[in-house]
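# Remarks on the overall topology
Next come the chains, spelled out residue by residue.
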Amino acid sequence: MALGDKIPAELRRLVGYANVLTEPEDLIPYSFDGTAAMRQMPGCVVFVTKTEEVVSVLKLANEVKVPVVTRGSGTGLSGGSLPDKDGIVLCTVKMDKILELDRANLTMLAEPGVTTQQIADAAEEAGLFYPPDPGSMKISTIGGNVAENSGGLRGLKYGVTRNYVMGLEVVLPDGELMWLGNKCVKDVAGYSLKDLFVGSEGTLGIITKVLLRLVPKPAAKKTMVATFARIDQAAEAVSAIIAARIIPCTLEFLDRMTIHCVEDYAKIGLPLDCEALLLMETDGHPAAVADEAARMEKCCRDCGCLEVRVAGDEAEAAKLAGARRSAFAALARVAPTTILEDATVPRSELAKMVRFVDMVAKRHRLRIGTFGHMGDGNLHPTFLTDERNEDEMRRVEEAFKEIFDEAIRLGGTITGEHGVGLAKKSFLPKFAGDAQMRVMRELRKVLDPNRILNPGKMFD
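Residues numbered from 1 in each chain as written. Predicted model: local features only at pLDDT ≥ 70, side-chain atom pairs only at ≥ 80, totals over all residues. Heavy atoms only, no water.

With that settled, the discussion passes to unusual backbone geometry. The residue Ala37 is not glycine, and still its phi comes out positive at about 65°. Following the sequence through the fold, Ala37 ends up in the loop between helix 2 (24-27) and strand 2 (44-47). We classify Ala37 as partly exposed; its relative accessible area is 43%. If you check the backbone angles, Asn454 has positive phi at about 45° while not being a glycine. (Helix = DSSP H or I, 4+ residues; strand = E, 2+ residues; numbered from the N terminus. Buried < 20%, exposed > 50% of the residue type's maximum accessible area, 1.4 Å probe, protein only.)

Right, dumping it as structure tokens:
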């Protein structure tokens, strides 16, 4: 249904005239997120500044049965924050305060619009550490990170966003407010409902506060780059490092295409005479760091690496990590449409998966740059294409299906950190199976019987 004039007028009464956008030219920036080739105009955009406003907006939307899609910075890569036609985009970027940093309990309480970088910086100022570091951390919001259960470069050793969420304030679809979790390290009273909302992609409730766990800052770290003449040698080196019971902070992979694009973009002196490189970082006690670095170097050399280069100082280490974070932006300069995917497999299957992606690219005559968090098995095959070329986009879709089918066959998953959203919902039933799909649908129906929250995402 079209919103008409009455609903926007009521929304303006609830949140203020300036916080409701209805003009088409104002809505365009909110008609897409970071996902390529997806766009849908909303009916209006509502900016909320406090929990009470979220409660009021949801009560109204639930009463008149108007769809609501929550949005932070719009950096998602699965179409998860794509608006519903004629629906409400509820934007939380103005809820941007860090409310508490509790040094005694090593926790931080923040509103959903605080960026991941601001969370990390505030923790560091207190001599603490917030490990999750998605590639978009400078602009992605913590509310979006929780909704997507975002990962990052340090996921291998430190885990993903879920591992740092101790509590959530959530507004349910009918406007009821609920607090989940607490500052206790141990709590097994009842179902862990907060974990139900982490990774729920805005389909079950709207997150208005996040209580995060912080950890002590590592005393030392060392960053290295190893280069390889063959992609599968790099994959084998990763498997060897994990098999040697070494869990580095970062173990990242870039293929030849990605290396050249990143170097052309960032110009930091990456080696260009190789087919693949591994960015490796170990942190912790200085003695343990030195030992792990030496053992990782040996694993790489045993797998036939060309060279191992050690960052000389913190500045060089930051440049190398920054180069990896810029991979998507660097590849996006090459073609009109860049589709960044993620498929995850058990680490023992990495070499097979890397070879398979390369084979798929050749068979379908596509350009694919592959990079990713190889230490945790999460690869990002990135398609360099043009959405105006219908034949090529058809081949891209076929390649997607083959890659996800192979990931499932190898015991992996269709998404390690980007979420399902719209982009992958057709692949979810094969991965999840009938029973899991039924339970997820029933849970969603119980919490959102009028189906107003992010309809059409994950599953119909």
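After that view of the structure, there is still more to cover.
Turning next to the sheet that holds strand 10 (residues 206-213). Spatial strand order, 5-6-10-8-9: five strands in an open sheet with antiparallel pairing. At either end of the open sheet lies a strand with only one pairing partner, and these are strand 5 (98-102) and strand 9 (177-181). For this sheet, the mean inter-axis angle between neighbouring strands, taken without regard to orientation, is 10°. (Pairing = 2+ DSSP bridges. Axes fitted to C-alpha atoms, helices over the stretch in contact; angles between N-to-C directions.)

One pass over the structure, following the stated rule, counts 35 salt bridges. Note that Asp358 and Lys362 form a salt bridge whose closest N and O atoms lie 3.2 Å from each other. Linking Asp358 with Lys362, this pair stays in helix 13 (residues 350-363), spanning four residues, or about one helical turn. Owing to a relative accessible area of 36%, Asp358 belongs among the partly exposed residues under this scheme. Looking at Lys362, the relative accessible area reads 61%, which means it is exposed. Arg438 is the salt-bridge partner of Glu442, the closest N and O atoms lying 3.3 Å from each other. On the criterion of helical spacing, the pair formed by Glu442 and Arg438 is a turn pair, its members being four residues apart in helix 15 (residues 428-447). (Salt bridge = Lys/Arg side-chain N within 4 Å of Asp/Glu carboxyl O.)

Another point: the packing of aromatic side chains. Applying the stated criterion to the full structure yields six aromatic pairs. Summarising the aromatic geometry, the rings of Tyr130 and Tyr164 are spaced 5.9 Å apart at their centres and angled 75° between planes, so their arrangement reads as edge-to-face. Of the two residues, Tyr130 sits in the loop between strand 7 (128-129) and helix 5 (142-148) while Tyr164 sits in the loop between helix 6 (155-158) and strand 8 (165-171), which places them 34 residues apart along the sequence. Judged by its relative accessible area of 2%, Tyr164 is buried. With centroids separated by 6.1 Å and ring planes inclined at 20°, the aromatic side chains of Phe400 and Phe404 adopt a geometry described as stacked. Here Phe400 and its partner Phe404 are both found in helix 14 (residues 390-409), four residues apart, which amounts to about one turn of the helix. Residue classification places Phe404 among the buried residues on the basis of a relative accessible area of 2%. An aromatic cluster of at least three residues, connected via ring pairs, comprises Phe383, Phe400, Phe404 and Phe427. One Lys or Arg, Arg12, reaches over the ring of Tyr17 and ends 4.4 Å from the middle of that ring. In this arrangement the basic side chain of Arg444 is found over the ring face of Phe459, its NZ or CZ atom lying 5.1 Å from the centre. (Phe/Tyr/Trp six-rings, centres within 6.5 Å; stacked < 30°, edge-to-face > 60°. Lys NZ or Arg CZ within 6 Å of the ring centre and 35° of its normal.)

With 14 residues, helix 3 (residues 51-64) should cover 20 Å at 1.5 Å per step; its first-to-last C-alpha distance of 20 Å lies within 8% of that length. Within helix 3, burial applies to Thr51, Glu53, Val54, Val55, Val57, Leu58, Leu60, Ala61 and Asn62. Immediately downstream of helix 3, the backbone of Lys65 shows phi near 60°, a positive value. (Expected span 1.5 Å × (residues − 1).)

So, on to the pairing of strand 4 (residues 88-91). Side chains Ile88 and Leu90 of strand 4 all project onto a buried face; the interleaved residues Val89 and Cys91 project onto the opposite face, where all are buried too. Bridge count between strand 2 and strand 4: four bridges; the pairing is parallel. Its bridge partner being in strand 4, Cys44 is matched across the sheet by Ile88. Sheet topology note: the strand 3 (residues 68-71)/strand 4 ladder contains four bridges and is parallel. If you follow Val69 over to strand 4, its bridge partner there is Val89.

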